[in-house]
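Per-entry structural report
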Amino acid sequence: MQSATRTILIGGTLSAALAAPVLAAAPTTMDVTVNIPQLKVAEYHKPYVAFWVEKAGAKPKTVAVWYDHDMKANEGTKWLRDVRQWWRAAGRSMTFPANGITGATRAPGAQKISFTRAQLGAAAPGDYVLVIEAAREVGGRELLRIPFTWPAKAGAGGRAAGKTELGTVSVAFR
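This section reports on the structure supplied with the text. It should be emphasised that the depicted structure is a prediction, and the values quoted were computed from it without experimental measurement.

With that out of the way, let us pick up the sheet that holds strand 9 (residues 168-173). The sheet built from four strands is open, its strands ordered 5-1-9-8 with antiparallel pairing. Strand pairing shows two members of the sheet lacking a second neighbour, strand 5 (109-116) and strand 8 (157-161), which therefore form its edges. The average undirected angle you get between the axes of adjacent strands in this sheet is 15°. Across five bridges, strand 8 lies against strand 9 in antiparallel orientation. When the bridges of strand 9 are listed, Ala161 appears paired with Thr168.

Pasting the structure below:
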């Protein structure tokens, strides 16, 4: 009887050990590549860019905001409302600089940023949308949406192509 108890315990331990790698293989990070185009205009300013996640029935969650956060007297926040959709969805209720999500504006070219599951607010399985909005002084504004499902499959992702303020935006999971 005692050896049967040991066999059950060992079997339970082996089952847990075999299941652990399967759980660890699920992606925990979303990698986003944003291409900011170099526009041929007389007066070029780097865009303000906001990233947020939407899920039906849930409050939008801001995951990153690129703006001139190092201006004296926090003057860079004055133009955040130009990122209109984000401002209405989540920005106006925030305090800036926002710890962990505030970043500097970025130069033209490919810019990479990564988010963990916790940063995305993807606690529950389901359908989500990553929204990226850019607005530029003496320029335009543009909004792209990339739907994704959580939990995601490694390597899966999505793409969207901007026409003015944003170039191609791609998402991949690892």
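So, next bit.
Using the criterion set out here, one finds nine aromatic pairs in the structure. Judged by centre distance (5.8 Å) and plane angle (85°), the rings of Tyr67 and Phe96 are edge-to-face. Placement of the pair is Tyr67 in the loop between strand 3 (61-66) and helix 2 (84-89) and Phe96 in the loop between helix 2 and strand 4 (102-103), with a sequence separation of 29 residues. For the pair shown, Tyr67 and Phe96 are each scored as buried. Consider the rings of Trp150 and Phe173, whose centres lie 5.7 Å apart with planes at 65°: the pair is edge-to-face. With Trp150 in strand 7 (residues 141-150) and Phe173 in strand 9, this pair connects stretches of sequence that are 23 residues apart. Residue Phe173 is classed as buried on the basis of its relative accessible area, which comes to 4%. Within the aromatic cluster, the residues linked to one another by ring pairs are Tyr48, Tyr67, Trp86, Trp87 and Phe96. In this arrangement the basic side chain of Lys55 is found over the ring face of Tyr128, its NZ or CZ atom lying 5.4 Å from the centre. A cation over an aromatic ring shows up here: Arg106 above the ring of Trp66, its NZ or CZ 4.1 Å from the ring centre.

One can find Glu142 in strand 7. A distance of 2.5 Å separates a polar atom in the side chain of Glu142 from the backbone nitrogen of Lys163. Not counting chain neighbours up to four residues away, the residues in contact with Glu142 comprise Ile132, Glu133, Ala134, Gly162, Lys163, Thr164, Glu165 and Leu166.

Parameters at a glance
Residues numbered from 1 in each chain as written. Predicted model: local features only at pLDDT ≥ 70, side-chain atom pairs only at ≥ 80, totals over all residues. Heavy atoms only, no water. Pairing = 2+ DSSP bridges. Helix = DSSP H or I, 4+ residues; strand = E, 2+ residues; numbered from the N terminus. Axes fitted to C-alpha atoms, helices over the stretch in contact; angles between N-to-C directions. Phe/Tyr/Trp six-rings, centres within 6.5 Å; stacked < 30°, edge-to-face > 60°. Buried < 20%, exposed > 50% of the residue type's maximum accessible area, 1.4 Å probe, protein only. Lys NZ or Arg CZ within 6 Å of the ring centre and 35° of its normal. Polar contact = N/O pair within 3.5 Å; in protein donor to acceptor, adjacent residues only side chain to side chain. Contact = heavy atoms within 4.5 Å.

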